[in-house]
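# Chains, contacts and geometry: an overview
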Amino acid sequence: MTDSKYFTTTKKGEIFELKAELNSDKKEKKKEAVKKVIASMTVGKDVSALFPDVVNCMQTDNLELKKLVYLYLMNYAKSQPDMAIMAVNTFVKDCEDPNPLIRALAVRTMGCIRVDKITEYLCEPLRKCLKDEDPYVRKTAAVCVAKLHDINAQLVEDQGFLDTLKDLISDSNPMVVANAVAALSEIAESHPSSNLLDLNPQSINKLLTALNECTEWGQIFILDCLANYTPKDDREAQSICERVTPRLSHANSAVVLSAVKVLMKFMEMLSKDLDYYGTLLKKLAPPLVTLLSAEPELQYVALRNINLIVQKRPEILKHEMKVFFVKYNDPIYVKLEKLDIMIRLASQANIAQVLAELKEYATEVDVDFVRKAVRAIGRCAIKVEQSAERCVSTLLDLIQTKVNYVVQEAIVVIKDIFRKYPNKYESVIATLCENLDSLDEPEARAAMIWIVGEYAERIDNADELLESFLEGFHDESTQVQLQLLTAIVKLFLKKPTETQELVQQVLSLATQDSDNPDLRDRGYIYWRLLSTDPVAAKEVVLAEKPLISEETDLIEPTLLDELICYIGTLASVYHKPPSAFVEGGRGVVHKSLPPRTASSESTESPETAPAGAPPGEQPDVIPTQGDLLGDLLNLDLGPPVSGPPLATTSVQMGAVDLLGGGLDSLIGGPNFVAPPAAAVPASLGAPIGSGLSDLFDLTSGVGTLSGSYVAPKAVWLPAMKAKGLEISGTFTRQVGSISMDLQLTNKALQVMTDFAIQFNRNSFGLAPAAPLQVHAPLSPNQTVEISLPLNTVGSVMKMEPLNNLQVAVKNNIDVFYFSTLYPLHILFVEDGKMDRQMFLATWKDIPNENEAQFQIRDCPLNAEAVSSKLQSSNIFTIAKRNVEGQDMLYQSLKLTNGIWVLAELRIQPGNPSFTVLQLSLKCRAPEVSQHVYQAYETILKN
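Residues numbered from 1 in each chain as written. Predicted model: local features only at pLDDT ≥ 70, side-chain atom pairs only at ≥ 80, totals over all residues. Heavy atoms only, no water.

The condition that has to hold: UniProt positions are given in the numbering used here, feature names are shortened, and annotations may be inferred rather than shown by experiment.
Under an unreviewed UniProt entry, the name given to the protein chain is AP complex subunit beta, and the organism recorded is Microcebus murinus. A UniProt comment under Subcellular location (unreviewed entry) is attached to the protein chain, and it reads "Endomembrane system". Under the Sequence similarities (unreviewed entry) heading, UniProt states for the protein chain: "Belongs to the adaptor complexes large subunit family."

## Describing the overall build of the protein chain
We count it as follows: A run of DSSP states H or I qualifies as a helix once it reaches four residues; a run of E qualifies as a strand once it reaches two. Both are numbered from the N-terminal end. For the exposure calls, accessible area comes from a 1.4 Å probe over protein chains only, and a residue counts as buried if that area is under 20% of its type's maximum, exposed if over 50%, partly exposed in between. Contact definition: two residues touch when any of their heavy atoms are within 4.5 Å. To measure how exposed things are, a 1.4 Å probe is used in the Shrake-Rupley method; for residues, cover is taken only from the protein chains shown.
Per the secondary structure count, the protein chain includes 40 helices and 13 strands. Looking at the protein chain as a whole, 51% of its 942 residues qualify as buried. Here the contacts in the protein chain between residues at least 6 apart in sequence split such that 68% fall between residues at least 24 apart. If you sum the accessible surface of the protein chain, you get close to 43,800 Å²; carbon and sulfur atoms cover 52% of it.

## Focus: the packing of helix H27 (residues 462-470) against helix H28 (residues 478-494)
Just so we agree on the cut-off: Each axis is a line fitted through C-alpha atoms, and for a helix only the stretch in contact is used; angles between axes span 0 to 180 degrees, taken between their N-to-C directions. Angle categories: roughly parallel below 35 degrees, roughly antiparallel above 145, roughly perpendicular from 65 to 115, and oblique for all the rest. Handedness of a crossing is defined here by the sense of rotation of the near helix relative to the far one, left-handed for an anticlockwise turn of less than a right angle and right-handed for a clockwise turn. Note on residue categories: nonpolar means Ala, Val, Leu, Ile, Met, Phe, Trp, Tyr, Cys or Pro, charged means Asp, Glu, Lys or Arg, and polar means any other residue, Gly included.
As a packed pair, H27 and H28 sit with axes 11 Å apart at the nearest point and diverge in direction by 155°. The orientation of H27 with respect to H28, classified from their angle, is roughly antiparallel. As for how H27 packs across H28, the hand of that crossing is left-handed. Contacts from Ala462, Asp463, Leu466, Phe469 and Leu470 of H27 reach H28 at Leu484, Ala487, Ile488 and Leu491. Per-class residue counts for the contact of H27 with H28 are eight nonpolar, no polar and one charged.

## A word on helix H22 (residues 367-383)
Basically, it comes down to this: The span you would expect from a helix comes to 1.5 Å times its residue count less one.
Along its 17 residues, H22 runs 24 Å from first to last C-alpha, staying within 8% of the 24 Å computed at 1.5 Å per residue. Within H22, twelve of the 17 residues are buried, leaving the element largely enclosed by the surrounding structure. Those residues of H22 that fall on the buried side of the exposure criterion are Phe369, Val370, Arg371, Ala373, Val374, Ala376, Ile377, Gly378, Cys380, Ala381, Ile382 and Lys383. On its buried face, H22 sits against helix H20 (332-345), helix H21 (351-361), helix H23 (388-400) and helix H24 (404-420).

## Considering the packing of H28 against helix H30 (residues 517-532)
Angle between the axes and distance between the axes: these two values describe a pair of packed helices. Where H28 meets H30, the closest approach of the two axes is 10 Å, and the angle between their N-to-C directions is 10°. The angle between the axes of H28 and H30 places the two elements in the roughly parallel class. Seen from H28, the contacting residues are Gln481, Leu482, Leu485, Thr486, Val489, Phe492 and Leu493; seen from H30, they are Asp518, Leu519, Arg522, Gly523, Tyr526 and Leu530. Split by residue class, the contact of H28 with H30 holds eight nonpolar, three polar and two charged.

## Concerning a negative patch on the surface
For the record, the criterion: By definition, no residue in a patch forms a salt bridge, and every one has over 30% relative accessible area; like charges are joined within 9 Å, nonpolar side chains (Val, Leu, Ile, Met, Phe, Trp, Tyr) within 5 Å. Here a salt bridge means any side-chain nitrogen of Lys or Arg lying within 4 Å of a carboxyl oxygen belonging to Asp or Glu. When charges are counted, Lys and Arg are positive and Asp and Glu negative, with His and the chain ends excluded. Positions of charges follow a simple convention, taking NZ of Lys, CZ of Arg, CG of Asp or CD of Glu.
A surface patch of like charges, here negative, comprises Glu464, Glu467, Glu471 and Glu501. Counting through the fold element by element, Glu467 comes out in helix H27. For Glu467, a relative accessible area of 39% puts it in the partly exposed group.

## Remarks on the state of the cysteines
Using the following cut-off: The criterion for a disulfide is a pair of cysteine sulfur atoms lying within 2.5 Å.
Applying the stated rule across the entire model yields zero disulfides. A disulfide-free cysteine, Cys129 has its sulfur positioned 3.9 Å from the sulfur of Cys95, the nearest such atom. Among the residues examined, Cys129 registers a relative accessible area of 0% and is labelled buried. Of all cysteine sulfurs, the one in Cys380 lies closest to Cys391, which takes part in no disulfide; the gap is 5.7 Å. A residue is classified by how much of its surface remains accessible, and Cys391, at 0% relative accessible area, is buried.

## So, the sheet that holds strand E2 (residues 725-734)
Note on sheets: strands pair through backbone hydrogen bonds, and any given pair is parallel or antiparallel. Note the threshold: Two strands pair if DSSP finds at least two bridges between them.
A sheet is described by the order of its strands in space; here five strands give the open sequence E1-E2-E3-E6-E5, paired in antiparallel fashion. Both edges of this open sheet fall to strand E1 (714-717) and strand E5 (767-768), since each of them pairs with a single strand only.

## A short note on the nonpolar core
In plain terms, the rule: Think of a nonpolar core as a cluster: buried Ala, Val, Leu, Ile, Met, Phe, Trp, Tyr and Cys residues, connected wherever their side-chain atoms sit within 4.5 Å.
Judged by nonpolar contacts, the single largest core of 212 residues is most densely connected at Tyr72, Leu126, Val244 and Phe418. Leaving out residues up to four positions away in the same chain, Leu126 has contacts with Val107, Met110, Ala141, Cys144, Val145, Leu148 and Phe161. Residues Ile757, Leu766, Phe854 and Ala925 belong to the second largest nonpolar core, which totals 63 residues.

## Remarks on the packing of aromatic side chains
Filter applied, for reference: Between 30 and 60 degrees the pair is tilted, below 30 it is stacked and above 60 it is edge-to-face, where a pair is any two Phe, Tyr or Trp rings, Trp via its six-membered ring, whose centres lie within 6.5 Å. Either the NZ atom of lysine or the CZ atom of arginine qualifies as a charge over a ring when it sits within 6 Å of the ring centre and within 35 degrees of the ring normal.
This model, assessed by the stated rule, comprises twelve aromatic pairs. Their ring planes at 85° and their centres at 4.8 Å tell us that Tyr574 and Phe581 sit as a pair that is edge-to-face. Ring centres of Phe731 and Tyr822 lie 6.1 Å apart, and the angle between their planes is 65°; this geometry places the pair in the edge-to-face category. Taken together, the positions of Phe731 in strand E2 and Tyr822 in the loop between strand E8 (815-821) and helix H38 (836-845) put the pair 91 residues apart, joining distant regions of the chain. Ring pairs connect the aromatic residues Trp716, Phe731, Phe818 and Tyr822, which therefore count as one cluster. If you follow Lys335 out to its NZ or CZ, it ends over the ring of Phe369, 5.1 Å from the centre.

## Regarding the confidence of the model for the protein chain
Detailed reading of the predicted coordinates is not advisable wherever pLDDT falls low. The following threshold applies: Each residue carries a pLDDT score, the predictor's confidence in it, ranging from 0 to 100.
Looking at the protein chain, pLDDT values average 80 and 85% of them are 70 or higher. In this model, residues 598-705 is a region of pLDDT below 50 whose contacts with residues beyond four sequence positions or in other chains number 177 contacts.

## Re the pattern of salt bridges
Applying the stated criterion across every chain yields a total of 37 salt bridges. In this structure, Arg375 and Glu409 form a salt bridge, with 2.6 Å as the shortest nitrogen-oxygen distance. Here Glu409 lies in helix H24 and Arg375 lies in helix H22, a separation of 34 residues in the sequence.

## Here's the deal with the environment of Lys941
Let me state the cut-off plainly: Under the rule applied, a polar contact is a pair of N or O atoms within 3.5 Å (in protein, one hydrogen donor and one hydrogen acceptor; residues adjacent in sequence only if both atoms are side-chain atoms).
Checked against the element boundaries, Lys941 lands in helix H40 (residues 929-941). Taking the C-alpha atoms as reference, Lys941 lies 9.4 Å from Leu861; in sequence the two are 80 residues apart. There is a polar contact of 3.2 Å between the side chain of Lys941 and the backbone oxygen of Arg857.

## What about the side chain of Ser763?
Structurally, Ser763 can be placed in the loop between strand E4 (756-759) and E5. There is a polar contact of 2.6 Å between the side chain of Ser763 and the backbone oxygen of Leu802.

## Comments concerning the sheet that holds strand E11 (residues 886-894)
Overall, antiparallel pairing links the five strands, which are arranged E9-E13-E12-E11-E10 in an open sheet. This sheet does not close on itself; its edge strands, each paired only once, are strand E9 (851-857) and strand E10 (876-883). Between one strand axis and the next, the sheet turns by 20° as a mean value, whatever way the strands run. Pairing geometry for strand E12 (residues 900-907) and strand E13 (residues 916-923), over seven bridges, is antiparallel.

## Quick word on the pairing of E2
Where burial is concerned, most of E2 is hidden: nine out of the ten residues are buried. Bridge count between E2 and strand E3 (residues 737-746): ten bridges; the pairing is antiparallel. By the bridge assignment, Glu726 is partnered in E3 with Thr745.

## Remarks on helix H14 (residues 201-211)
Definition in use: Summarising the geometry, the arc corresponds to the directions from the helix axis toward the C-beta atoms.
Every buried residue of H14 is listed here: Ser203, Ile204, Leu207, Leu208, Ala210 and Leu211. Projected down its long axis, H14 shows its buried positions confined to an angular sector of 160°, all on one face. Buried residues along H14 sit against helix H13 (174-190), helix H15 (216-227) and helix H16 (234-244).

## Considering unusual backbone geometry
With an omega of -5°, the peptide bond between Glu800 and Pro801 qualifies as cis. Positionally, Pro801 belongs in the loop between strand E6 (783-791) and strand E7 (804-810). At Val735, a position not held by glycine, the phi torsion is positive, near 40°. With respect to the helices and strands, Val735 occurs in the loop between E2 and E3. Backbone geometry places Asn781, a non-glycine residue, at a positive phi of 65°. For Asn781, a relative accessible area of 69% puts it in the exposed group.

## Digging into the environment of Arg857
Among the structural elements, Arg857 can be located in strand E9. Residues Arg857 and Gln918, 61 residues apart in the sequence, show an inter-C-alpha distance of 8.8 Å. Within the structure, the side chain of Arg857 is placed 2.9 Å from the side chain of Gln855, a separation counted as a polar contact.

In structure tokens:
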């Protein structure tokens, strides 16, 4: 008879019967009783009263009975911690049992009992099991360390288990290696600052050896660990790729995706000229194609990952278009994803094939799919210029079908084609106007209104058409109302005499009868423009529009690089970084692809760096304005400054940069005067609580004369690399001016003269503000100290890392190159103190995914000392409050290029030697946060 009989009894008084059976002398009866207990526990009955009786059954040689008792113990130990201690002796005994299965079972159960009181008793048995002769016990013990670390991290560190785990990476058994890697990775994830997995070429070699022999899940752990390693050069990257490539033919799709992740990451370091690079591209296509023959759910995950891969390296799958053609029995989510990838792979070579396929899809029965197919035809027209004409004629054929939703999607798409190719396909407008009455979706109506307004001079009855929309103005959606307002103003500027009444009617509807602030504002702007300066109005409203970009839905490049590092995880399915959907991360680590190595790209000296580097393969989301950090961070940047930046008040700066002009409406107008603290609305004050009364004002934002922290001079260019010239230096900021303090020493046998200095383009535009002046020739063994003033109006280019500065120094002997990292706090400006109101509004306005958490350890300072130390480096405290015994400082700082960084610093008063400061940084340019954190740490610890 099966075990299902245990789940069918519903007798009362069962507990007493079970108690008697559990204490029976007969082994079989005992086993039956424990099975009944487990069955009751499984269906949700409370059998915790039997705890001592079940624990007594642990003393047995029967493996099945032992497993059942351990299962019970795991479930009830948390609610009965005092009783659970009774079981400790048995664990200790079982960990020395001659049977390795029992030893492993004991150590596995120990890890699952999450009771603090017990953990210290388990250290000794765990230590023995980690050194056990049987690999099955060792691999189980490795996982137990990770579980124990989750309950009591300090205990694990004190007992030296982490070092034992690191030793297990060199174990002879591949499964032990895999579990040790899994455990260390798990621990490292919860403590990003600790460098647990200290990978080096030797340990990587051991992992690659184990990779061939362990189980599929072990392989995934090892591959994920490899993906976090950065090879020292392209040769090492190639060697790792060669040893990982065989995993691409594995039967488990998770192993395949983990291998793809490693290869995609290390390909960054390989030169595209290498033969191996081409071979690798060819090898990556078949496994990805094979994933598409799995069941639909796996296909979907594979397609979401392929979508990222195609955006990063379209050449991998450019010849595999056919596998993305939709099958009739594909579920809708697979169909839509395939469609997306088809458009990404569309090119002049395959466009005819793609268009024929898309036209077929547009006659399907599934409405969502048909809509997406019609959109896809439009996206192909915008992407492949040669196909635009065929796409437009295909769309016209679809409009002739008179199927309502097809017509509406086609009109939305044709509007985009007009924006990409102006004055080319306007002959189709007449056909579009015939379908005006059938439009009932806001997006299609808005698109049609835009077309009528934009080409009003070519449509004889444009005023009648727009008037027909105006009749139900208040019932329309905001999107249609805004579009109608703009279209009628355009029409008025093109045909002023015939449409005066119409424009007055729409302006009065928009400004006087509407509750929508966006609509009212736009109405008033047009009204003022038309009434004060019609010529200016014409220039503004009828200005030539920029062409739309071909790929507007590409993932932003830095995010794409991060997502490539998460291939095969949930992040790659959501297309969002983990920080956006994982709550309670204790310090989100942003992963990024490794930089290309020197041998894979020609390195350029600052003097020979070309004025405009050729654009990379990466498609742009927005047409670029050059390779500038300004583009990367342009949410925060004001207009470019020619000449030294002017000091502006923090309110003005924030209004321009931080909220894109939206601050006036948020706080109350351009000439807003801050209300008293008590008048701050509750919603705005929420993050700071009731602490507004004890906000203290330190200074009005003027830097103190003491100047910011100056690091000791370091050797930047050793004499042996510069024919006897040794350069040491540091950076300083004093009262608003930055300088590079240099010490030049002549260790050669000849005199040095004619010194000059030049910087390569860098992230913040640092450049010498004056020539390098060495007034007398530098004789052998002589040292001279020079302070070189710097400004931040030089050329800008994003560097890796962000604060890297490449310098060229010339003298009568030669030109020498070196690079150094400048501390970011030299760029913190004196007017970086933000208004309180604005701080609250801005903190809310910056998205949560831009928040980064850090810890500053061993900082024996109280809140006052921290505040004054940071203020001397232009990090200003705006508010301070005390929450549950912790001091909270709210701070702001501003960089020379106008980027604001907001900070919340949590200080736990108490024993100064153990103080840990929790730092949260919010900024519109999250790339800066890591460097700002380093600046905090440097300033506070020196």
